[in-house]
Structure formats: C-alpha cells, structure tokens
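An overview of the molecular structure
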Amino acid sequence: MIPSVGAARHAEKVAAWGADAVMIQGGEGGGHTGSIPTTLLLPTVVDAVDIPVIAAGGFFDGRGLAAALAYGAVGIGMGTRFLLTSDSSVPEDIKQRYLSFGLDGTVVTAKADGMPHRLLRTEFVNSLEEAGRLRQLLPTLRRSLQFKELSGQSWREMARDGLSMKRGTGRSWNQMMLAANTPMLLKAGLVDGDTSAGMLASGQAVGVINELPSCEALVDRIVDEAVLRLKAAAGTVGVCV
Ligand SMILES: Cc1cc2nc3c(=O)[nH]c(=O)nc-3n(C[C@H](O)[C@H](O)[C@H](O)COP(=O)(O)O)c2cc1C
C-alpha cells in the first residue's frame, strides 16, 4: 500500500498504519493534497518517516529525478508527464490542447465536487468557477444519473457508498451531493474529448511539456539525464549562501 500525502503528519500516520511506502504529492500536482510545494513537502516527509518516500508533483525530466533522489526520495511519480505521451489513450486533439497551455494555465478549484482539483483553465472550468450553487444543481443531478448508469449501482448502493465516504472523510452534505461530478466531468473531458462539458485534470508541469514521446523513450531519457546530472554534481559540489 502506497498512500499519497500532502503533509508530514499524514505520512507519519500512514507509516504507523503499516504503509509499505508513501508518495508525496506537492501542490504543483493534482491539488487534492494541499498547496505545499514539492521542494518543501519532500524533505519534511523524508525526515519524518523511515519508510521509502516517492516524490510526485511537478516532475517531468531527469533534473527533477536527480533532485528528488538528492532530497532522499527513492524515485518519482509523474501524472501529467505520462498523460502527455504517444502511448496515453487520451484523444489526440485533447493532448494537443494540453500542449498549448503555459505555466499559469491551471487553476485549483473545489467547484467540481467540493474537493480541490487542479484543472486546465478552460472556458468550461471558468464557467464552473463562476456558477452559483443553484445553477449547478440540475447539471449535478444529471451527472449523478449518468454515473449511476455507468457504474451499474442502484440508488441505494450509491447512497450507502456516499455515506461511508462522508463518515470516512468528513465531507459535507454539499460535497456528497457533488461527489459523482468528478468522474463524469473527467470522463467527458479525458475520454470523450468534450471540453465544453468536461474538465481536464493537470499538474502545473503542463506548462513545460511540449512534445508527446513514447513512455519508453521518456523513461530512458529521464534516467539518462538524471545519471548525467548526478555525476556532474558529484564533481562540483558547492553551496551558495
Ligand atoms: C489526469 C489526471 C488524473 C488524476 N487523477 C487523480 C485521482 O483521481 N486521484 C489522485 O489522488 N490523484 C490523481 N491525479 C494526481 C496524480 O496521481 C499525481 O499525484 C500527480 O499527477 C503528480 O503530479 P504531476 O502531474 O505534476 O506529475 C491525477 C493526475 C492527472 C494528470
């Protein structure tokens, strides 16, 4: 079991529960685990626990891997970088759309389901951000119905799962109402390719990615670059104050 955490105290808690390793997710990534950036979250978690720590949030190249290893991580996790590969099953025009966004092209919003998510700042996401609760009510109910059909669950099963999620995560009734929004909005954007009615999850790394390599070529390139960077750094150790 490798839980994803956004704070050292959460890492300590899951380590005490017997987690095999922990993945930190800096604020540069999906946004669900808080806003602390990888550069601060990673060292605090490495210092706090004795289990292996994997670094995620903002990684896209070999320099990042070398930096994460230097901080004491055992490796890196990447979401946005793997989404933007030729192997990813996301529709081609959607991948091209991602490539057009810059470093300021994402926004963390809780408007989709009451929990924070980092999304590409599309017109649809801007409209979600601006819409009041009442305007969201009908589309929310429609998506709940779509989710019910897609998952094959009965209303009773959905209510039971929702209640146990509410108890386990302390979500409000409003957040529970919106819970089915996220899978449906992500499916509309990332699977159906409809950006006028769906959302596109993304880390800030989208702003520095400009091509779609295969996963194999990407991993080889990142490992080669990290090895070169670490060897070069070993020859020139210096500290700026
Ligand atoms: C399209 C997409 C969907 C994601 N969905 C989830 C999710 O459902 N739950 C979750 O905890 N993290 C999710 N993440 C976050 C990743 O697991 C990972 O922690 C994050 O992408 C790392 O940051 P990076 O994108 O900068 O590499 C998602 C990321 C992307 C890009």
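Preceding this section is the structure that the text describes.
Counting of residues starts from 1 at the beginning of each chain's written sequence and follows it residue by residue. With pLDDT at 70 or above as the cut-off, local features in this predicted model cover only qualifying residues; side-chain atom pairs require 80 or more to be listed or tallied, and sums for whole chains, interfaces and linings still use all residues. Note: side-chain values were computed over all heavy atoms of the structure, leaving out hydrogens and water.

**Topic: the side chain of Thr106**
- Labels follow the DSSP assignment, with helices taken as runs of H or I lasting at least four residues and strands as runs of E lasting at least two, numbered in each case from the N terminus. With respect to the helices, strands and loops of the structure, Thr106 is situated in strand S5 (residues 106–109).
- Those residues within four positions of Thr106 in sequence are excluded, and the remaining contacts are Arg118, Leu119, Leu120, Arg121, Ser202, Gly203, Gln204 and Val206. Here, residues are in contact when the closest pair of their heavy atoms is within 4.5 Å.

**Describing helix H5 (residues 92–99)**
- Partly exposed describes any residue whose relative accessible area lies between the buried limit of under 20% and the exposed limit of over 50%, with all areas from a 1.4 Å probe on protein chains only and scaled to the type maximum. When we look at burial in H5, the residues that qualify are Ile94, Lys95, Tyr98 and Leu99. Summarising the axial view, the buried residues of H5 lie within an arc of 150°, below the 170-degree limit, and thus occupy one face.
- For H5, the elements touching its buried residues are helix H4 (80–83), strand S6 (117–120) and helix H10 (181–191). Directions are taken from the helix axis to each C-beta atom, and the arc is the one they span.

**Quick word on the pattern of salt bridges**
- One speaks of a salt bridge when a side-chain nitrogen belonging to Lys or Arg is within 4 Å of a carboxyl oxygen belonging to Asp or Glu. Per the stated rule, a full pass over the model turns up 6 salt bridges.
- Put simply, Asp61 and Arg63 hold a salt bridge, and the shortest N to O gap is 2.8 Å.
- The exposure class assigned to Asp61 is buried, which follows from its relative accessible area of 10%.
- One salt bridge in this structure joins Glu92 and Lys95, with 3.6 Å as the shortest N-O distance. Remark: Lys95 and Glu92 occur in helix H5; sequence separation between them is 3 residues, near one turn of the helix.
- Judged by its relative accessible area of 46%, Glu92 is partly exposed.
- In this structure Lys95 comes out as buried when scored by relative accessible area, which is 1%.

**A closer look at the nonpolar core**
- Grouping buried Ala, Val, Leu, Ile, Met, Phe, Trp, Tyr and Cys residues that are joined through side-chain atoms within 4.5 Å yields what is termed a nonpolar core. By size, the foremost hydrophobic cluster in this structure holds 22 residues, and its most contacted members are Val22, Ile24, Leu42, Val45, Val49, Val53 and Ala55.
- Where this core is concerned, the elements lending two or more residues are helix H1 (8–16), strand S2 (22–25), helix H2 (38–48), strand S3 (53–56), helix H3 (62–71) and helix H11 (215–235).
- In this structure, Val45 is in contact with Ala7, Ala8, Ala11, Val22, Ile24 and Val53, ignoring residues within four places of it in sequence.

**Here's the deal with the site of the ligand**
- Taken together, Gln25, Gly29, His32, Gly57, Gly58, Met78, Gly79, Thr80, Leu83, Leu190 and Ala201 make up the full set of residues near the ligand.
- Pairs of N or O atoms are called polar contacts if they sit within 3.5 Å, as long as, within protein, a hydrogen donor faces a hydrogen acceptor (for residues adjacent in sequence, only side-chain-to-side-chain pairs). One of the backbone nitrogen or oxygen atoms of Gly79 is found 2.8 Å away from an oxygen atom of the ligand.
- Accessible surface is estimated by sampling points in the Shrake-Rupley manner with a 1.4 Å probe; for residues, cover comes only from the protein chains shown. Computed on the free molecule, the ligand has an accessible area of 600 Å², of which 68% lies beneath the protein chains in the complex. Working definition: residue near molecule or strand if any one of its non-hydrogen atoms lies within 4 Å of it.

**Quick notes on the pairing of S2**
- Two elements, strand S1 (residues 4–5) and S2, share 2 bridges in a ladder whose sense is parallel. The partner of Val5 across the bridge, within S2, is Ile24.
- After leaving S1, the chain enters H1 and then returns to the sheet as S2, a path that is right-handed.
- A pair of strands is labelled paired if DSSP reports no fewer than 2 bridges between them. Bridging between S2 and S3 involves 4 bridges; their strand directions are parallel. Across the sheet, Met23 pairs through a bridge with Ile54, a residue of S3.
- Handedness of a crossover is defined as follows: with both strands directed away from the viewer, a clockwise route from the first strand across the helix to the second makes it right-handed. Considered for its hand, the β-α-β crossover made up of S2, H2 and S3 is right-handed.

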